[in-house]
Number of protein chains: 2
Amino acid sequence: MSDRIRMKSLLSKVCTADEAAAMIKDGMVLGISGFTKFGDARAVPLALVKRVEAGEKLSVSLMTGASIGSNLDEDLGDHGVIARRLPYMGSAKLREHINAGRTMYLDQHLSHTGEYIRGGGLPKPDIAILDTTYITEDGGLVCTSSVGNNALWALNADKIIIEINETHPFEMYGLHDIYTVGARPGRGPIPIVHPGDKVGTPYIPIDPNKIIAIVVHQLPDTPVTLAADPDAYTIAGHLMDFFKHEVKKGVLTNSLRPLQSGVGAVANAVFAGFQDSPFHDLTMYTEVAQDAVFDLIESGKMLAVSTTSFSVTKEYMRIFDDVTKFHGKVVLRPQEISNHPEVIRRLGLISINTALEADIYGNVNSTHVAGTKMMNGIGGSGDFARNAGYTCFVTTSCAKKGKLSSIVPMVSHVDHSEHDVNVICTEQGLADLRGLAPRERSRVVIENCVHPNFKDMMRDYVKEAEALGGHTPHVIGKALSWHQRFLETGSMLEADAALA
Amino acid sequence: MSDRIRMKSLLSKVCTADEAAAMIKDGMVLGISGFTKFGDARAVPLALVKRVEAGEKLSVSLMTGASIGSNLDEDLGDHGVIARRLPYMGSAKLREHINAGRTMYLDQHLSHTGEYIRGGGLPKPDIAILDTTYITEDGGLVCTSSVGNNALWALNADKIIIEINETHPFEMYGLHDIYTVGARPGRGPIPIVHPGDKVGTPYIPIDPNKIIAIVVHQLPDTPVTLAADPDAYTIAGHLMDFFKHEVKKGVLTNSLRPLQSGVGAVANAVFAGFQDSPFHDLTMYTEVAQDAVFDLIESGKMLAVSTTSFSVTKEYMRIFDDVTKFHGKVVLRPQEISNHPEVIRRLGLISINTALEADIYGNVNSTHVAGTKMMNGIGGSGDFARNAGYTCFVTTSCAKKGKLSSIVPMVSHVDHSEHDVNVICTEQGLADLRGLAPRERSRVVIENCVHPNFKDMMRDYVKEAEALGGHTPHVIGKALSWHQRFLETGSMLEADAALA
């Protein structure tokens, strides 16, 4: 144990998870580790689950990096523990409580939480619970498989509970780069000019006096699953063709720009596609590294990856067997830095994120089913989409056995506006919207991206809308009618509705 | 004349405006000076107007900084000359051509145009036409009352026409700071850490071989008008109270943060309000400086102003009588820098922009009347709103003699999403949305911002929507019904509609 707690004065703080969980009181604000399920604080929150399973009533505000594993959002949510939640979650069960209005959810840009916490727009955590590989002699926290908001919580919480996670090797030291933006006024530039640059410390420097408990555990990270999706490879192929075309035009080289992608099957398919492509000496500046990224590092295609989190399937948990091969190639940063507009704009990223739906003018909905029901949250997509060099959104053209078109006349919720979106890509094809006015965009989106079943309906809509005039033509009374039809009949297709 | 053209080899390029205008051919892409009407290229474009008034058919793409004066958008638009227009315009007449689909309008974030031009997302200008105070011995262009995209056009155009504007004093030299972001990869940080920092050159360095004509003129800038608006002072008062409250909480000092505001009466009223306030040692990092800003500089309340343009009324044209008093206090930058997310985020601006309409969840429409008809454009509001420390939107609570509510259930077009908007303020009051979930936001917006005539209607909508569930409750079939009612009856009020 003393190998993992090298600041000897802290050894007296070691206790059980139950003892640490007992320090959490009703009404507290908790800031805990965790991003895309990895590196979540788990031993103490699981002990909290035991308390509420035993009948105790408890309600807290839960702040994380992003989604967390260990079934925590599910179990705590079902027991009514999560009164408030931010800045992201990915739990189908917690979603139910959010959509019923039982959990107040703050769906934030992942780079924004730090500014709110420091600037008085959000309460500071009463207690931080931090997943940690080991504590250095000077009281520095060596993070695990994600950094997320750990440094933010450590600096701003009243008190800190450390979880020493023995499933991670000591060689995690050297993967992290902890840089904190300075106070205002007087804040200086973030000196990152290449994704691999290290500009901070390899651990989170903390005030050891804030530590109230240290819990040692051997609970592993929660691997993710990647659904097999043939359309994902078709979409990836369209994107590859687009990149090749940009190279041919001379505005990109075969090293492209630093790449960013969200989580999921399409993103993984895109990166798998780079393996046998003409592209080389690739880099990433992203918030999450999935399976295919590690293959690219091992094959030498990918030179440097900046991220705030790993998120891999069970098979790829093997990357933790020898992390030294990623030293000097992978940097795990605080999410405020991995997602910082300053660096994203400087590097001119190629950003690829998933749309829940997009409209014919280039607006994208990433969050709300039929305008009202939260899916997961905007996550980092807005941080990247607004500031990237190429802002691409991908989606399959339809869902629900062809009854729901992912391309609609008007999105029912806007997370990314027409001002920000450059490319929309479905398995049908790719629409490059740069340099096009709305009336030109609608034509390209319909011809290239809309599923054939919906093309005529969409053409009719545009014809009727343009007859009414306007820079962005719409029939206001019908703009959301596709969603309304879906809510009423289970299909956006007019033919289905006629049968219903 | 040799005082104004100090590089002697260029004297041979002097010609008349008609001769220069003759170099512009049908189908060309023009990049010209001008931002918030000031510093526009005018002599040569006005000669172009003469050509088309004489019956010539001509069609061009017109790119500027932002809005231009000299009646150019009006006259060129009416003659069908403007086939494409970007990134902003503020002309009621050109608006008609845009909304009729005769002019293709690209409504862009004002900081984005440079990235598109360099990155192949937009064509480079065939000819740049640049408003200039004088040309230095080395061929540097000293700008006039705006910088806008002048450096971008100068660097990227095939050919350059210079307009020497003799209405501006030689002492304009010293007000400008021309900094150009570097090429990617390898681009470094923008080293601005205080609004007054100068990090570039006082002129635009150009390649003199690209200059094909120089036209000397004495045509003055076009002053703006500021409508008298009693509600503007009420709104300014609510904002002042909010700032005072933030000071009291200890998250701001009486020097606040660098301020930004859009154009118009409310913005000017806010800055007029600072004159007799407890706030002092103020700074601005903005895209436009209006009348009240110069009063604050002269009174010593305002220490430093970074902007890309002046935009003053006829009375305040007097500022050009002695600009030396603004040396060291006012910096005019390229709009890519005045609006750059990197610097905006670093400085943590207080950003105040005008909403056309806002909804109960904090989404803002800055551009589209009833979802379809372009008003002016998003301008820089998105650059600031996304990246500022405080993102505030102001609007009067209703318009059209009380028949149109500026706060609606769902905005008909989203320029700024709920993720970005912190504060909504009307003459009724101010809603601080930070830290609130959608169901909490709707209550605060209704109670604080909605006009009394619409409060009960809005409460009924929310009640019906919440009964249907969802993170962001809406009745999708009725979400845009207020707009639909307005289009059909000329009023959003249900009582009016019943009479209609």
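Caption draft 1: Structural context of the overall build of chain A. A tally of helices and strands in chain A yields 16 helices and 25 strands. Looking at chain A residue by residue over its 500 residues, the buried ones come to 65%. A total of about 16000 Å² of accessible surface is found on chain A, and carbon and sulfur atoms cover 53% of it. Of the charged side chains in chain A, 48 are positive and 58 negative; the average position of the first set lies 2 Å away from that of the second.

Caption draft 2: Looking closely at the pattern of salt bridges. Taken as a whole, this structure holds 55 salt bridges over all chains when the rule is applied. Close ionic contact of B:Arg42 with B:Asp131 constitutes a salt bridge, the shortest N to O distance being 3.7 Å. Here B:Arg42 is found in the loop between strand E1 (29–32) and helix H2 (43–53), whereas its partner B:Asp131 is found in strand E5 (residues 127–132), with 89 residues between them in sequence. Note on B:Arg42: relative accessible area 1%, which makes it buried. Classification of B:Asp131 by relative accessible area gives buried; the value is 1%. Connected via shared salt-bridge partners are A:Glu115, A:Arg118, A:Arg184, A:Arg187, A:Glu336 and B:Arg345.

Caption draft 3: Quick peek at the packing of helix H7 (residues 230–249) of chain B against helix H8 (residues 265–274) of chain B. Residues and elements named next belong to chain B. At a minimum axis separation of 8 Å, H7 and H8 run at an interaxial angle of 50 degrees. With respect to H8, the element H7 is oriented oblique. You can see that H7 and H8 cross each other, and the crossing is right-handed. Residue-level contacts link Ala-232, Tyr-233, Ile-235, Ala-236, Leu-239, Met-240 and Phe-243 of H7 to Ala-265, Val-266, Ala-269, Val-270, Gly-273 and Phe-274 of H8.

Caption draft 4: Expanded view of the interface of chain B and chain A. Of the residues lining the interface, 78 residues belong to chain B; the matching set on chain A comes to 78 residues. Interface area for chain B against chain A, summed over the two sides, is near 6200 Å², with a carbon-plus-sulfur share of 51%. Area buried by chain B at its contact with chain A is led by B:Arg345, B:Arg386 and B:His419, which between them contribute 14% of it. On the surface where chain B and chain A come into contact, there are six salt bridges. In this structure, A:Glu342 engages B:Arg346 in a salt bridge whose closest nitrogen and oxygen atoms are separated by 3.1 Å. There are 42 residue pairs in polar contact (both at pLDDT 80 or more) connecting chain B and chain A. Sorting elements by how many residues they give to the side of chain B that touches chain A places helix H11 (residues 341–347) of chain B first, with five residues.

Caption draft 5: Main features of the environment of A:Val323. Residue and element names in this part refer to chain A. Mapped onto the fold, Val-323 is located in the loop between strand E13 (302–307) and strand E14 (330–332). Take Val-323: its relative accessible area is 2%, and that puts it in the buried class. Setting aside residues up to four positions removed in sequence, Val-323 forms contacts with Pro-169, Glu-171, Met-172 and Leu-175.

Caption draft 6: Quick peek at the pairing of strand E24 (residues 423–426) of chain A. Residues and elements named next belong to chain A. Side chains of E24 alternate between two faces, with Val-423 and Cys-425 and Ile-424 and Thr-426 buried alike. Of the pairings in the sheet, the one linking strand E20 (residues 390–394) to E24 comprises three bridges and is parallel in character. In the sheet register, Val-394 faces E24, and the bridge partner there is Cys-425. Strand direction decides the pairing type here: E24 and strand E25 (residues 429–432), joined by four bridges, are antiparallel. The residue of E25 that forms the bridge with Cys-425 is Leu-430. The antiparallel hairpin formed by E24 and E25 contains two residues in its connecting segment.

Caption draft 7: Inspection of the packing of aromatic side chains at higher detail. According to the stated counting rule, one finds 26 aromatic pairs over all chains in the structure shown. A ring pair is formed by B:Phe294 and B:Phe310, whose centres lie 5.2 Å apart and whose planes are at 80 degrees; its orientation type is edge-to-face. Pair noted here: B:Phe294 is in helix H9 (residues 291–299) and B:Phe310 is in the loop between strand E13 (302–307) and strand E14 (330–332), with a separation of 16 residues, a long-range link. Measuring from ring centre to ring centre gives 5.8 Å for B:Phe310 and B:Phe320, while their planes differ by 50 degrees; the resulting arrangement is tilted. Within this pair, whereas B:Phe310 is found in the loop between E13 and E14, its partner B:Phe320 is found in the loop between E13 and E14, the two being separated by ten residues in sequence. Put simply, the rings of A:Phe242, A:Phe243, A:Phe271, A:Phe274, A:Phe279 and A:Tyr390 pair up and form one aromatic cluster. Here the guanidinium or amino end of A:Arg4 rests over the ring plane of A:Phe170, the centre of that ring lying 4.4 Å away.

Caption draft 8: Region of interest: unusual backbone geometry. A cis amide bond links A:Leu86 to the next residue, A:Pro87, at an omega of -5 degrees. Looking at where A:Pro87 falls in the secondary structure, it is placed in the loop between strand E3 (82–86) and helix H4 (92–99). A cis amide bond, omega -5 degrees, links B:Arg184 with the succeeding residue B:Pro185. With respect to the helices and strands, B:Pro185 occurs in the loop between strand E8 (159–165) and strand E9 (204–205). Phi angles above zero are rare outside glycine, and A:Lys400 is one such case at about 50 degrees.

Caption draft 9: Representation of the relation of the copies chain B and chain A. Relative to chain A, chain B is turned by 180 degrees and slid 0.0 Å along the rotation axis, the superposed coordinates differing by an RMSD of 0.0 Å. Taken together, the rotation and translation relating the two chain copies correspond to the operation of a two-fold axis. The position closest to the rotation axis in chain B is occupied by the C-alpha of B:Glu342, lying 2.0 Å away. Most of the interface of chain B is mirrored in chain A, where 100% of its interface residues are also at the interface.

Caption draft 10: Up close: the sheet that holds E5(B). Strand order in this open sheet of seven strands is E4-E3-E2-E1-E5-E8-E10 (chain B), and the pairing throughout is parallel. Of all strands in the sheet, those bounded by a partner on one side alone are strand E4 (104–105) and strand E10 (211–217) of chain B.

Caption draft 11: Highlighting the packing of helix H13 (residues 438–449) of chain B against helix H14 (residues 452–468) of chain B. All names here are of chain B. Between H13 and H14, the shortest axis-to-axis distance is 10 Å and the interhelical angle comes to 170 degrees. In terms of orientation, H13 lies roughly antiparallel with respect to H14. Along its contact with H13, which presents Arg-439, Ser-442, Arg-443, Ile-446 and Glu-447, the element H14 presents Lys-455, Met-458, Arg-459, Val-462 and Glu-466. A per-class count over the contact of H13 with H14 returns three nonpolar, one polar and six charged.

Caption draft 12: Local environment of the sheet that holds strand E6 (residues 134–135) of chain A. All names here are of chain A. With respect to topology, three strands assemble into an open sheet ordered E6-E7-E9, the strand pairing being antiparallel. The two strands at the open ends of the sheet, each matched to only one other strand, are E6 and strand E9 (204–205). Sheet topology note: the strand E7 (residues 140–142)/E9 ladder contains two bridges and is antiparallel. Across the sheet, residue Gly-140 finds its bridge partner in E9, namely Pro-205.

Reading the values: rules and limits
- Residues numbered from 1 in each chain as written.
- Chains lettered and ligands numbered in written order.
- Predicted model: local features only at pLDDT ≥ 70, side-chain atom pairs only at ≥ 80, totals over all residues.
- Heavy atoms only, no water.
- Helix = DSSP H or I, 4+ residues; strand = E, 2+ residues; numbered from the N terminus.
- Buried < 20%, exposed > 50% of the residue type's maximum accessible area, 1.4 Å probe, protein only.
- Areas by Shrake-Rupley, 256 points an atom, 1.4 Å probe, with all protein chains shown as cover.
- Lys, Arg positive; Asp, Glu negative; His and termini not counted.
- Charge placed at Lys NZ, Arg CZ, Asp CG, Glu CD.
- Salt bridge = Lys/Arg side-chain N within 4 Å of Asp/Glu carboxyl O.
- Axes fitted to C-alpha atoms, helices over the stretch in contact; angles between N-to-C directions.
- Parallel < 35°, antiparallel > 145°, perpendicular 65-115°, else oblique.
- Left-handed = near helix turned anticlockwise from the far one by under 90°.
- Contact = heavy atoms within 4.5 Å.
- Buried area = accessible area lost by both parts, 1.4 Å probe.
- Polar contact = N/O pair within 3.5 Å; in protein donor to acceptor, adjacent residues only side chain to side chain.
- Pairing = 2+ DSSP bridges.
- Phe/Tyr/Trp six-rings, centres within 6.5 Å; stacked < 30°, edge-to-face > 60°.
- Lys NZ or Arg CZ within 6 Å of the ring centre and 35° of its normal.
- Least-squares fit on C-alpha atoms with pLDDT ≥ 70 in both.
- Nonpolar A, V, L, I, M, F, W, Y, C, P; charged D, E, K, R; others polar.

Take it as geometry only, folks, not as evidence of what the structure does.
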